[in-house]
Amino acid sequence: MKKLTTILISSLILLSCNEDRDITVKLGTGNQTDTGGGTPSTSVYYTPTKAMKDVSSFPIGIAMSQNQASSTNFATIAKKEFNSVTAGNEMKFSTHSPSQGTYNWVPGDAIVDFAQTNAMRVHGHVLIWHQQVPTWVTNFTGTNAEFETAIKTYVTDVVTHYKGKVASWDVVNEAFNEDGSLRSTIFSQRLGSNYITKIFQWARAADPTAKLFYNDFNLESNVTKANAVVSMVNANSSLIDGIGLQMHISITTPSATVLNTIMDNVVATGKLIHFSELDVLVNPTGSVSSYDYATAIAQKNKYKEVISIYKTKVPAAKRFGITIWGMRDVDSWLKTNGSGYTDYPLLFGDGYEYKLAHQGVIEALQQ
């Protein structure tokens, strides 16, 4: 999935499956200080008095892995702070169908079971994406008609399996290039340039009640790409319920001006809007040597800014929610952010400490 224009060209998103290493959850301890040994007034952590889901009028989601579903530490905070979950990798094509006609439901079902146990919504991620595709798809030797039948069967089988359990899907992910053109993939090549429409039709037929999303990166910063997505969504308005803006951003980009402009265009579609994979890099150029107080404040302010814009720009009825792409920094796919620099993009420290970024989210939600 993803990408910051200045950092990654690849859109591969691999949610880390780091183990918890028997760390005690620090739910009420804000006594950690910055790496420079600052006083409590300059701590990068704090003691929360409210949970995000409790002060939000829309769902607050968390991306998670199958391993985390069995983690007591993870579950403690997840239940306290979030009311929606997205599978990081467990519902992707290569996981679901390692060979044609064969399905591995165990990882995805673990996510669903966790959500149901904890009264959380499940957002399915992702039906069709050009990465993490099984070899039987990339090496398919049949005709294009046979390929279409195989992909239609896959989409139908997956959506049917989770019908009534998964409330929504990222149906197609990252189908556009940065210049707004359609990305050339195995799916566009073999299903045709109208393949997006076909995938949404198959998903809609399999579960008429699920909310169906188109999801992509850099929509928050690339006006040309965002406009191309808006045009595609408008052309398929009867099939597409919402737009997912991944929101892999940094403390400096996008600017509030750019994001506000793009949000006006996206919101004008009348579709549900999901900030679907939010994280905030603090070290995109390698200039940050440690996660100190000033850096923590900059990250807090950026989280607060983008969530405030979401609330300001998106009508209440169209706020599908905001999903954070992981819990702890150590679990993030951006821990080494694609350029080899250590980063700290999420709301919780490696020992589950509450970062000031969490406070920024709370402050924006309460505005």
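Residues numbered from 1 in each chain as written. Predicted model: local features only at pLDDT ≥ 70, side-chain atom pairs only at ≥ 80, totals over all residues. Heavy atoms only, no water.

K.L.:
I keep staring at the packing of helix 10 (residues 223–235) against helix 11 (residues 256–267) and nothing clicks. Help me out?
P.N.:
Packed helices, taken two at a time, are described by the angle between their axes plus the distance between the axes. Contact geometry for helix 10 and helix 11: axes closest at 10 Å, N-to-C directions at 5 degrees. Comparing their axes, helix 11 and helix 10 come out roughly parallel. Along its contact with helix 10, which presents Val223, Ala226, Asn227 and Val230, the element helix 11 presents Ile262, Asn265 and Val266. Residues belonging to the contact of helix 10 with helix 11 are distributed by class as follows: five nonpolar, two polar and no charged. (Axes fitted to C-alpha atoms, helices over the stretch in contact; angles between N-to-C directions. Helix = DSSP H or I, 4+ residues; strand = E, 2+ residues; numbered from the N terminus. Parallel < 35°, antiparallel > 145°, perpendicular 65-115°, else oblique. Contact = heavy atoms within 4.5 Å. Nonpolar A, V, L, I, M, F, W, Y, C, P; charged D, E, K, R; others polar.)

K.L.:
I keep staring at unusual backbone geometry and nothing clicks. Help me out?
P.N.:
Glycine aside, residues mostly have negative phi, and peptide bonds are mostly found in the trans state. In this structure, the amide linkage connecting His125 to the following residue, Val126, adopts the cis form with an omega of 5 degrees. Here Val126 shows up in strand 3 (residues 121–129). The amide bond that connects Thr253 to the next residue, Pro254, takes the cis arrangement and shows omega of 0 degrees. Assignment of secondary structure puts Pro254 in the loop between strand 7 (248–250) and helix 11. Although it is not a glycine, Met247 adopts a positive phi angle of roughly 65 degrees. Relative to the helices and strands, Met247 resides in the loop between strand 6 (242–245) and strand 7. Under the relative-accessibility criterion, Met247 is labelled buried at 0%. (Buried < 20%, exposed > 50% of the residue type's maximum accessible area, 1.4 Å probe, protein only.)

K.L.:
Quick question: what am I supposed to make of the pairing of strand 8 (residues 272–281) here?
P.N.:
Across a regular strand the side chains alternate sides, sitting on one face of the sheet and then on the other. Taking burial as the measure, the ten residues of strand 8 include ten buried ones, the bulk of the element. Two strands pair when backbone bridges link them, and strand 7 and strand 8 are joined in this way by three bridges, in the parallel orientation. The residue of strand 8 that forms the bridge with Ser250 is Leu281. Regarding the hand of the β-α-β motif, the stretch spanning strand 8, helix 12 (residues 293–313) and strand 9 (residues 319–324) is right-handed. (Pairing = 2+ DSSP bridges. Right-handed = clockwise from strand over helix to strand, strands pointing away.)

K.L.:
In this structure, what is going on with the packing of helix 11 against helix 12? I would like to understand it.
P.N.:
Interaxial distance between helix 11 and helix 12 falls to 10 Å at its minimum, and their mutual angle equals 30 degrees. On the basis of the axis angle, helix 11 is roughly parallel to helix 12. In this structure, helix 11 meets helix 12 at a crossing whose hand is right-handed. Counting all contacts with helix 11, which are made through Ala256, Leu259, Asn260, Met263, Asp264 and Val267, the residues of helix 12 involved are Glu305, Val306, Ile309 and Lys313. Residue classes in the contact of helix 11 with helix 12 are distributed as six nonpolar, one polar and three charged. (Left-handed = near helix turned anticlockwise from the far one by under 90°.)

K.L.:
Is there a simple way to think about the packing of aromatic side chains in this case?
P.N.:
When we look at a pair of aromatic rings, we describe it by the centre distance and by the angle of the planes. Taken as a whole and judged by the stated rule, the model has 16 aromatic pairs. With a centroid separation of 5.8 Å and 80 degrees between ring planes, the pair formed by Phe93 and Trp136 is classed as edge-to-face. Of this pair, Phe93 sits in helix 4 (residues 93–96) while Trp136 sits in helix 6 (residues 135–138), placing them 43 residues apart in sequence. You'll find Phe93 and Trp136 in the same group, each marked buried. Centre to centre, the rings of Phe176 and Tyr214 are 5.9 Å apart; their planes meet at 85 degrees, and the pair counts as edge-to-face. On the criterion of sequence distance, the pair formed by Phe176 in the loop between strand 4 (168–173) and helix 8 (186–191) and Tyr214 in strand 5 (residues 211–216) is long-range, its members being 38 residues apart. The same class applies to Phe176 as to Tyr214, namely buried. The structure contains a cluster of three or more aromatic residues connected by ring pairs, namely Phe93, Tyr103, Trp105, Trp136, Tyr154, Tyr162 and Trp169. (Phe/Tyr/Trp six-rings, centres within 6.5 Å; stacked < 30°, edge-to-face > 60°.)

K.L.:
Whenever I open this one, the confidence of the model for the chain confuses me. Can you help?
P.N.:
A low pLDDT means the predicted coordinates there should not be read in detail. Mean pLDDT over the chain: 91, with 89% of residues reaching 70 or higher. In this model residues 1–40 is a low-confidence stretch, pLDDT under 50, and it forms 141 contacts with partners more than four residues away in sequence or in other chains. (pLDDT = per-residue confidence, 0-100.)

K.L.:
Could you clarify how one ought to interpret the pattern of salt bridges in this entry?
P.N.:
If the charged atoms of two oppositely charged side chains come close together, the side chains can form a pair. Tallied over the entire structure, the rule returns ten salt bridges. For Glu178, the salt bridge goes to Lys225, with nearest N and O atoms at 2.7 Å. Taken together, the positions of Glu178 in the loop between strand 4 and helix 8 and Lys225 in helix 10 put the pair 47 residues apart, joining distant regions of the chain. With relative accessibility at 0%, the residue Lys225 sits in the buried group. Residue Lys355 pairs with Asp329 through a salt bridge whose shortest N-O separation is 3.0 Å. Placement of Lys355 in the loop between strand 9 and helix 13 (356–366) and of Asp329 in the loop between strand 9 and helix 13 is noted, with a sequence separation of 26 residues between them. Across the pair, Asp329 and Lys355 agree in class, each one buried. Bridged by salt links that share partners, the residues Glu178, Asp216 and Lys225 form one connected network. (Salt bridge = Lys/Arg side-chain N within 4 Å of Asp/Glu carboxyl O.)

K.L.:
I would appreciate a short explanation of the pairing of strand 3 in the present structure.
P.N.:
In terms of burial, strand 3 is a largely internal element, nine of the nine residues being buried. The pairing of strand 3 with strand 4 spans five bridges and is parallel. When the bridges of strand 4 are listed, Gly124 appears paired with Trp169.

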